[in-house]
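Chain by chain, the residues run as shown.
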Amino acid sequence: MTIFNSLNISASGLSLERLKLDTISTNIANVNTTRTEEGGPYQKKEVVFEEAFKQSNQSLNIGISRKSFGVRATGLVEDDTEIREYDPEHPDADEEGYVLQSNVNMADEMINLMTTIRAYEANATSLEAGKDMLKQALTISAK
Amino acid sequence: MENMNLALLKKSLDVVGMRQELIASNISNVNTPNYKANKLEFERLLEQAKEGSSLKVTHASHLGGANELTEINPILSKNTGTAVKENGNNIDIDMEMVNQTQNNLQYQALTAQLNAQYARLNTVING
């Protein structure tokens, strides 16, 4: 249904921010993980995303065939920087006593977390505004 | 005149509805790399046309006459005026939120107008 476009657009924003939030939570949870299934320490993950488009079938003639339709995630990338720490007591230490640590930077994650939460809120507000407008439309000649 | 009013209100509602979509899109792309803000121009075009409409066009070859107001279409453009963040994105979230509120109120005003219009018609019909 075309009239719900603006709600769907806000929903795409909400779901992207939610995915980012999940990723950040995973990063924070694994800040000290030195051993993973794939071997080696936990590698920080980041969501990549881009603008989404939709073929336009607008009743208004504005001369475009595709229009911006929110946002969509395109994948997860791993940051492969290596961090080695000297800790000979650690069970994962190599012969020289170095341990490969996860490359999660707590300060970075917290800042990303704040940005994500704010963006989520902005999308929620936008959804609310779109909903208000649809409700308004229902009052047309409702008496 | 009555019909013209209704048609113009309908068109304006369409435009404001579409602008809501654009603003929602801008807000959802607040952190998207290289995204540029979209905006929809309509009221200014309407204003311009209204100014020109004082001259009545009675012949096809008359110059400078305004089109029918309802034939004016909104123009979609990319906003390149505001500051660009380091990832090439130029969404100003404050601007977008204000625009959204404004747009919302405009929608309310238009629906109120439309309702008043119908109420008047109703009065005429029912006496």
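Residues numbered from 1 in each chain as written. Chains lettered and ligands numbered in written order. Predicted model: local features only at pLDDT ≥ 70, side-chain atom pairs only at ≥ 80, totals over all residues. Heavy atoms only, no water.

## As for the pattern of salt bridges
Residues and elements named next belong to chain B. Counted under the stated rule, the structure contains twelve salt bridges over all chains. Here Lys-10 ties to Asp-14 by a salt bridge, and the two come within 3.8 Å at their closest N and O atoms. In this pair, Lys-10 and Asp-14 are both assigned in helix H1 (residues 2-28), four residues apart and thus about one turn of the helix distant. Exposure remark for Asp-14: the relative accessible area of 29% places this residue in the partly exposed category. (Salt bridge = Lys/Arg side-chain N within 4 Å of Asp/Glu carboxyl O. Helix = DSSP H or I, 4+ residues; strand = E, 2+ residues; numbered from the N terminus. Buried < 20%, exposed > 50% of the residue type's maximum accessible area, 1.4 Å probe, protein only.)

## A few points about the nonpolar core
Residue and element names in this part refer to chain B. Within the largest apolar cluster, eleven residues are counted, these being Leu-8, Val-15, Met-18, Leu-22, Leu-40, Phe-42, Leu-45, Leu-46, Ala-49, Leu-69 and Ile-72. Of all the secondary-structure elements, those providing two or more residues to this core are H1 and helix H2 (43-52). When residues of this core are assigned to their parent elements, the largest contribution, four residues, is made by H1. Non-local contacts of Phe-42, meaning those with residues more than four positions away in its chain, are made with Lys-11, Ser-12, Val-15, Arg-19, Ile-72, Asn-73 and Pro-74. With eight residues, the next largest nonpolar core counts Leu-6, Val-16, Tyr-107 and Leu-110 among its residues. (Core = buried A, V, L, I, M, F, W, Y, C linked by side-chain atoms within 4.5 Å. Contact = heavy atoms within 4.5 Å.)

## Details of the UniProt feature "domain: Flagellar basal body rod protein N-terminal" (unreviewed entry) in chain B
Under the local residue numbering, the UniProt record ascribes the feature "domain: Flagellar basal body rod protein N-terminal" (unreviewed entry) to residues 19-36 of chain B. Structurally, residues 19-36 of chain B is divided into 56% helix and 0% strand, and its ends, taken at the C-alpha atoms, are 15 Å apart. (UniProt positions renumbered as here; feature names shortened; annotations may be inferred.)

## Things to note about the interface of chain B and chain A
Contacts between the two partners involve 35 residues from chain B, matched on the other side by 37 residues from chain A. Looking only at chain B, the three residues that lose the most surface to chain A are B:Met18, B:Glu21 and B:Ser28, adding up to 19% of its buried area. For the interface between chain B and chain A, the tally reads one salt bridge. The salt bridge partner of B:Glu21 is A:Lys67, with a shortest N-O separation of 2.4 Å. Our enumeration of links across chain B and chain A arrives at eleven residue pairs in polar contact (both at pLDDT 80 or more). Looking at which element gives the most residues to the side of chain B that touches chain A, the answer is H1(B), with 13 residues. By residue class, the composition of the side of chain B that touches chain A is 16 nonpolar, 15 polar and four charged. (Buried area = accessible area lost by both parts, 1.4 Å probe. Polar contact = N/O pair within 3.5 Å; in protein donor to acceptor, adjacent residues only side chain to side chain. Nonpolar A, V, L, I, M, F, W, Y, C, P; charged D, E, K, R; others polar.)

## Regarding the UniProt feature "domain: Flagellar basal body rod protein N-terminal" (unreviewed entry) in chain A
The UniProt record annotates "domain: Flagellar basal body rod protein N-terminal" (unreviewed entry) at residues 7-35 of chain A. Counting secondary structure, residues 7-35 of chain A comes out at 79% helix and 0% strand; the distance between its end C-alpha atoms is 42 Å.

## Some remarks on the packing of aromatic side chains
Per the counting criterion, the structure on display carries one aromatic pair over all chains. Looking at A:Arg84, its charged tip hangs above the ring of A:Tyr98, at a distance of 4.6 Å from the centre. (Phe/Tyr/Trp six-rings, centres within 6.5 Å; stacked < 30°, edge-to-face > 60°. Lys NZ or Arg CZ within 6 Å of the ring centre and 35° of its normal.)

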